[in-house]
Amino acid sequence: MRITELLKQESIGLNERAENKEQAIDKLVTLMEAGGRLKDKAGYKAGILAREGLGSTAIGEGIAIPHAKVEAVAQPGLAAMVLPEGVDYEAFDGSLANLIFMIAAPAEGADVHLEALARLSTLLMNPGFKEALTAAKSKEEFLRVIDEAETARFGTAEEESGPQSGAAEEGNGPQGGAAQTENGPQTGAEQTGNGSQTGAAQTGNGSQTGATQTENGPQTGAAQTGNRPHTGAPAAESRTSKKTTAESAPTGYRVLAVTACPTGIAHTYMAAENLENTAKKMGIALKAETDGSGGAQNVLTRSEIAGADAIIIAADKNVEMARFDGKPVIMVPVADGIHKAEELINRAVSGTVPVYRHDGQKNADTGVEENKDSLGRSIYKHLMNGVSHMLPFVIGGGILIALAFLFDDYSIDPSNFGKNTPLAAYLKTIGEQAFGMMLPILAGFIAMSIADRPGLAVGLVAGLIAKMGSTFANPAGGDVNAGFLGALFAGFVGGYIVLGLRKLFEKLPKSLEGIKPVLLYPVIGIFLAAVVTTFVNPYMGMINDGLTHFLNGMGGTSRIVLGMVLGGMMSIDMGGPFNKAAYVFGTAQLAEGNFEVMAAVMAGGMVPPIAIALCTTFFKKKFTAKERQSGIVNYVMGLSFITEGAIPFAAQDPLRVIPSCIVGSALAGGLSMAFGCTLRAPHGGIFVLPTIGNPLLYLAAVVAGAVAGCLVLGALKKNVE
């Protein structure tokens, strides 16, 4: 079935306008209905919205391909719309979509439409094709552009239907010089069924001359790719040429790829096409298997896998992973196959790709995540997703707070330091708002890593509940502070609650598929996650209260020991309960006139970011380029007394980073007490140096602690491979 058979003139809109993505979808659904392809317009739209809920179907460069395979579709079809002014379709590259194809596929029945859909995806990657479509003056011209491009690439309709020499045959019978997808003899090309063949590649069982056979049957001299018929997507060679000859058939592939998206209609084939075209330009042999809704096509063989340098999995759904055990594997979203092909191929041939080890399950959950080797590794990856999204809020908000202290006048009102002048008050207010979002963002993106987009809202709200310290007795919060650990807990709870809801709703009718991400997951998920977090908050508060009482009990002991304990506690969890307990104890002592305690607390809190910054500077081989860039920022954060700047490093390598920071912070806190340093302000870092008693000795204490932490971390941390 050709593209022009799926796209009727009634389903084409030229010179259209849409204010937003939703309006564009409404117009395309109406065009699809005008072509007589739907039996339930509302049900089809719900399917489109459900697919968009998994991620925008915009592929960048002004193109979007929304699609749905649902029961509401009567027969396969396309709708197309040209928008000269473009519309924001949430594209990966930020471009406005001015050419949109909408695909309708029936939930049941034959997948004969898939080849045409794969062809559309392939043609859209060709230079000039999109421009010709957007410049079309009439619907007839629009269809003619498609037909001419399809004919030039894949041949005429007559060449594709029926037995002949030099073309493709989908039935049984003799054929010469091309591809046969069923049983029968063939000469000079590729055969995907059973039978005899001379001079090229055979993908089924049977005899063959002049080739190499990897499955059943005698063969000499070329490659046989297995027993699966190619009925939905073009093969690796046929995506770039109508005919495959023995002379042009590659004898091996340096890189292999598997592409797959949740519906397996458009992005699957576009990613495969772009990877193969990019590899060809780079002079690298690459074969891409497409795991579409019609099943796997262009399947990778055992011999190809064994001979490849690396495998690229560009997928947003499960693919068969056991066959790649022991091979270097890169796992990325399918969108990366479209937008980052050259980067992926360079990584694949770099020799630095980690070796994949299958965990024994039938399929490994790929998509955005890499292989699940263990529960601990899964937790680690979810945590890293939260930390990476949290970091901009910590850095941006923290530095604005530090600037507020820099531009303020402490002598105006020491109790309101940071907000005494209008500029300082403005900077500190913005910084506090940004900084205050740290915990909800952390929880939200942990939950999103676990449960994809439906988990984001659930995790965000649960993290906010943890930050507020809500309890059943006081829902408004304020009585307890769950802190950093409470937000971590909330993020994981929110994510796994959404996963549980997915399992629970699997048996719902397909007609309700569209309401899951927009109604069921957010309403039920937010409620359940909030209840669980609210239940746990008092226990987190009890931990904080217990630590505060413990510290108060140590008030009469040796000042140096107390300083070391308080300084060390500032580094145990860096913004969590231990850190907050030490800080609250220090601020409480200000009211009692015990200014030495606050000085020791701040010295201990300044050390972790500075120690890490020093380590990224003098032990560069221990860190990645991205970590070294973040390390530079930690100089500012440490001098500003923003301990949280060290959290991303501690989260990535806690067994080395946290002990190193504790050693440095304890030394700084103890020295501050020993030197009799005092501090009247509860915050400010180096910017409140004029308010510190014995300022030079205080700086010496902080520097000594930071250097000690840096040296210990440099000794413990291994070089980055």
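Residues numbered from 1 in each chain as written. Predicted model: local features only at pLDDT ≥ 70, side-chain atom pairs only at ≥ 80, totals over all residues. Heavy atoms only, no water.

Describing the overall build of the protein
Here is the rule we go by: Put simply, DSSP H or I for four residues or longer makes a helix, DSSP E for two residues or longer makes a strand, and each gets a number counted from the N terminus. Three labels apply to residues, based on accessible area from a 1.4 Å probe with only protein chains included: buried if under 20% of the type maximum, exposed if over 50%, partly exposed otherwise in between. Contacts: residue pairs with any heavy atoms within 4.5 Å of one another. Working definition of accessibility: Shrake-Rupley area with a 1.4 Å probe, residue cover restricted to the visible protein chains.
Helix and strand counts for the protein come out as 24 helices and 21 strands. Within the span of the protein, comprising 721 residues, buried residues form 53% of the whole. Across the protein, contacts joining residues at least 24 apart in sequence account for 65% of those joining residues at least 6 apart. In the structure as shown, the protein presents an accessible area of about 29500 Å², 59% of it carried by carbon and sulfur atoms.

Here's the deal with the pattern of salt bridges
Pairs may arise between side chains of opposite charge once their charged atoms sit close together. Our working definition: Salt bridges are defined by distance alone: a side-chain nitrogen of Lys or Arg within 4 Å of a carboxyl oxygen of Asp or Glu.
Scanning the model with the defined rule gives 13 salt bridges in all. Across the salt bridge formed by Lys21 and Glu52, the nearest N and O atoms sit 2.7 Å from each other. With Lys21 in helix H2 (residues 21-34) and Glu52 in helix H3 (residues 41-53), this residue pair connects regions lying 31 residues apart in the sequence. For Glu52, a relative accessible area of 5% corresponds to the buried category. Here Glu432 and Lys428 are joined by a salt bridge, their closest N and O atoms 2.5 Å apart. Taken together, the residues Glu432 and Lys428, both in helix H13 (residues 422-436) and four residues apart, mark about one turn of the helix. The class of Lys428 is buried, set by a relative accessible area of 14%.

Things to note about the side chain of Lys516
Summarising the element assignment, Lys516 is placed in helix H17 (residues 516-553). Other than its neighbours up to four places away in sequence, Lys516 contacts Phe505, Glu506, Leu508, Tyr521 and Pro522.

A word on the packing of H13 against helix H14 (residues 438-451)
Threshold: Simply put, an axis is a line fit to the C-alpha atoms, just over the touching stretch for a helix, and the angle between two N-to-C directions goes from 0 to 180 degrees. Put simply, angles under 35 degrees are roughly parallel, angles over 145 are roughly antiparallel, angles from 65 to 115 are roughly perpendicular, and the rest are oblique. Residues were grouped as follows: Ala, Val, Leu, Ile, Met, Phe, Trp, Tyr, Cys and Pro as nonpolar; Asp, Glu, Lys and Arg as charged; and all remaining residues, including Gly, as polar.
Orientation of H13 relative to H14, taken along the N-to-C sense of each, is 25°, at an axis distance of 5 Å. Here H13 lies roughly parallel to H14, going by the angle between them. Two secondary-structure elements touch here, H13 through Ala434, Phe435 and Gly436 and H14 through Met438, Leu439 and Pro440. When grouped by side-chain class, the residues that make up the contact of H13 with H14 number five nonpolar, one polar and no charged.

Some words on the pairing of strand E18 (residues 310-315)
The side chains of a regular strand alternate, residue by residue, between the two faces of the sheet. Formally: Two strands pair under a simple rule: DSSP has to find at least two bridges between them.
Counting buried positions along E18 yields six of six residues, so the element is predominantly enclosed. Every second residue of E18 is oriented toward a common face, with Ala310, Ile312 and Ala314 on one face and Ile311, Ile313 and Ala315 on the other, all of them buried. The sheet contact formed by strand E15 (residues 255-260) and E18 spans six bridges and is parallel. Directly across from Val258, in E18, lies its bridge partner Ile313. Judged from the four bridges that link them, E18 and strand E19 (residues 329-332) form a sheet pairing that is parallel.

A look at the environment of Phe154
Looking at the secondary structure, you find Phe154 in helix H6 (residues 139-154). Judged by its relative accessible area of 12%, Phe154 falls in the buried class. Between the alpha carbons of Phe154 and Arg2 there is a distance of 9.9 Å; along the sequence they are 152 residues apart.

Notes on the nonpolar core
Quick note on the threshold: As used in this record, nonpolar core signifies buried Ala, Val, Leu, Ile, Met, Phe, Trp, Tyr and Cys residues forming a set joined through side-chain atoms within 4.5 Å.
If you look at the biggest cluster of nonpolar residues, it comprises 60 residues, and the most contacted ones within it are Met602 and Tyr698. Ranked by residue count, the leading element in this core is helix H20 (residues 595-618), at 14 residues. Not counting residues within four places of it along the chain, the set of residues in contact with Met602 comprises Phe641, Leu679, His683, Gly684, Gly685, Val688, Ile692 and Tyr698. If you look at the next biggest cluster of nonpolar residues, it comprises 30 residues, including Ile3, Ala80, Leu143 and Ile146.

A closer look at the packing of aromatic side chains
Selection criterion: Aromatic rings from Phe, Tyr and Trp, with only the six-membered ring used for Trp, were paired whenever their centres fell within 6.5 Å, and each pair was classed as stacked if the ring planes differed by under 30 degrees, edge-to-face if by over 60, and tilted otherwise. Cation placement over rings: the criterion is NZ of Lys or CZ of Arg within 6 Å of the ring centroid and within 35° of the ring normal.
Counted under the stated rule, the structure contains four aromatic pairs. Here the aromatic rings of Phe535 and Tyr539 are separated by 5.7 Å at their centres, their planes lie at 55°, and the arrangement is tilted. Highlighted residues: Phe535 and Tyr539, both in helix H17, separated by four residues, approximately one helical turn. The class of Tyr539 is partly exposed, set by a relative accessible area of 47%. The aromatic ring of Tyr89 is capped on one face by Lys21, whose charged end is 4.9 Å from the ring centroid.

Describing the environment of Leu501
Inspection of the secondary structure assignment puts Leu501 in helix H16 (residues 483-504). For the pair formed by Leu501 and Leu520, sequence separation is 19 residues and the distance between their alpha carbons is 8.4 Å. If near-sequence neighbours (up to four positions away) are discounted, Leu501 is found in contact with Tyr521, Ile524 and Gly525.

With respect to the confidence of the model for the protein
How we decide: For every residue, the predictor states its confidence as a pLDDT score lying anywhere from 0 to 100.
Per-residue pLDDT for the protein averages 76, and the proportion of residues at 70 or more is 74%. When mean pLDDT is taken per element in the protein, helix H24 (residues 695-716) scores highest with 93 and strand E7 (residues 168-169) scores lowest with 35. This model gives residues 162-250 a pLDDT under 50, and the stretch forms 247 contacts once residues within four places in sequence are excluded. Scored below 50 in pLDDT, residues 360-373 shows 43 contacts in the model against residues more than four places distant or in partner chains.

Description of H13
Keep this limit in mind: Take the number of residues in a helix, subtract one, and multiply by 1.5 Å to get its expected span.
Between its terminal C-alpha atoms H13 stretches 21 Å, which fits the 21 Å expected from 15 residues at 1.5 Å a residue. Every buried residue belonging to H13 is among Ala424, Ala425, Leu427, Lys428, Gly431, Ala434, Phe435 and Gly436, and all of these are buried.

Brief notes about the packing of helix H23 (residues 654-674) against H24
Rule in force here: Left-handed describes a crossing in which the near helix is turned anticlockwise from the far one by less than a right angle; the clockwise case is right-handed.
Two elements in contact, H23 and H24, have axes whose closest approach is 8 Å; the angle formed by their N-to-C orientations is 160°. Taken together, the axis directions place H23 and H24 in an arrangement best described as roughly antiparallel. You can see that H23 and H24 cross each other, and the crossing is right-handed. Here Arg656, Val657, Ser660, Val663, Gly664, Leu667, Ala668, Leu671 and Ser672 of H23 come into contact with H24, specifically with Tyr698, Ala701, Val702, Ala704, Gly705, Ala708, Gly709, Val712, Leu713 and Leu716.

So, the environment of Lys381
Its location among the elements puts Lys381 in helix H12 (residues 375-407). Between the C-alpha atom of Lys381 and that of Ser449, which follows or precedes it by 68 residues, the distance is 7.9 Å.

Focus on the pairing of strand E5 (residues 77-87)
Within E5, nine of the eleven residues are buried, which leaves the element mostly enclosed by the surrounding structure. As paired elements, strand E1 (residues 7-13) and E5 share three bridges and run parallel to each other. Residue Ile12 lies in a different strand from E5, and its bridge partner there is Ala80.

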